[in-house]
Amino acid sequence: HLSAMAPAAKSKAEKAAKAVKKGQFKRTRKPRYSVVFHAPKTLKQAREPKYARVSAASVQKMDAYAVLKYPLTTESAMKKIEDNNTLVFIVDLKATKPQIKDAVQTLYDVQSKRINTLIRPDGVKKAYVRLTADYDALDVANKIGVI
């Protein structure tokens, strides 16, 4: 039946027959570089909730007035005000240094250079707020009513 075909079709048919007998593709095994199997990283979809799980957004509990409790008026605190351009406050135990910095900024309109904190043995947190050179701690203390 192959002899009755056109020469082009015949060579095509012979190629196809050869491919079927021999097999066209050689299977290669992908090299593994690790002895443990790691599941492939798949697409992680972002959550798209159908409704909000909380009815109202949580309100900010630590505002400036909650962070700073009161200024300290001890002798050593006064010395800090005069000599080191530093105000001393008793602050909320959970307040962080950035929160203290923002609270001093909003309440007293002064820029602080750095803030050191410690927790006293009686369990309250004390913050030393060093002011920048453009602000005078004495003036701010007078404005607050510490002195």
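Criteria and cut-off values
Residues numbered from 1 in each chain as written. Predicted model: local features only at pLDDT ≥ 70, side-chain atom pairs only at ≥ 80, totals over all residues. Heavy atoms only, no water. Buried < 20%, exposed > 50% of the residue type's maximum accessible area, 1.4 Å probe, protein only. Helix = DSSP H or I, 4+ residues; strand = E, 2+ residues; numbered from the N terminus. Arc of directions from axis to C-beta. Contact = heavy atoms within 4.5 Å. Pairing = 2+ DSSP bridges. Axes fitted to C-alpha atoms, helices over the stretch in contact; angles between N-to-C directions.

This part is about helix α5 (residues 137-144). The set of residues buried in α5 consists of A137, V140 and A141. Across the axial projection of α5, the buried residues extend over an arc of 100 degrees, all falling on one side. Summarising the geometry of α5, the exposed residues directed more than 90 degrees from the buried face are D139 and K143. Turning to α5, the residues buried within the fold contact α3 (75-84), β2 (86-91), α4 (97-108) and β4 (125-131). The positive-phi residue at the C-terminal boundary of α5 is G145, with phi of around 105 degrees.

Let us now look at the sheet that holds strand β1 (residues 68-71). An order of β1-β2-β4-β3 is seen for the 4 strands of this open sheet, with the pairing classed as antiparallel. The open sheet terminates on both sides in strands that have one partner only, identified here as β1 and β3 (112-119). The sheet shows a mean angle of 30 degrees between the axes of neighbouring strands, taken without regard to direction. Direction of pairing for β1 relative to β2: antiparallel, over a ladder of 3 bridges. Each bridged residue has a counterpart across the sheet, and for Y70 the counterpart in β2 is I90. Docked against the sheet, α3 engages β2 and β4, running at close to 145 degrees with respect to β2.

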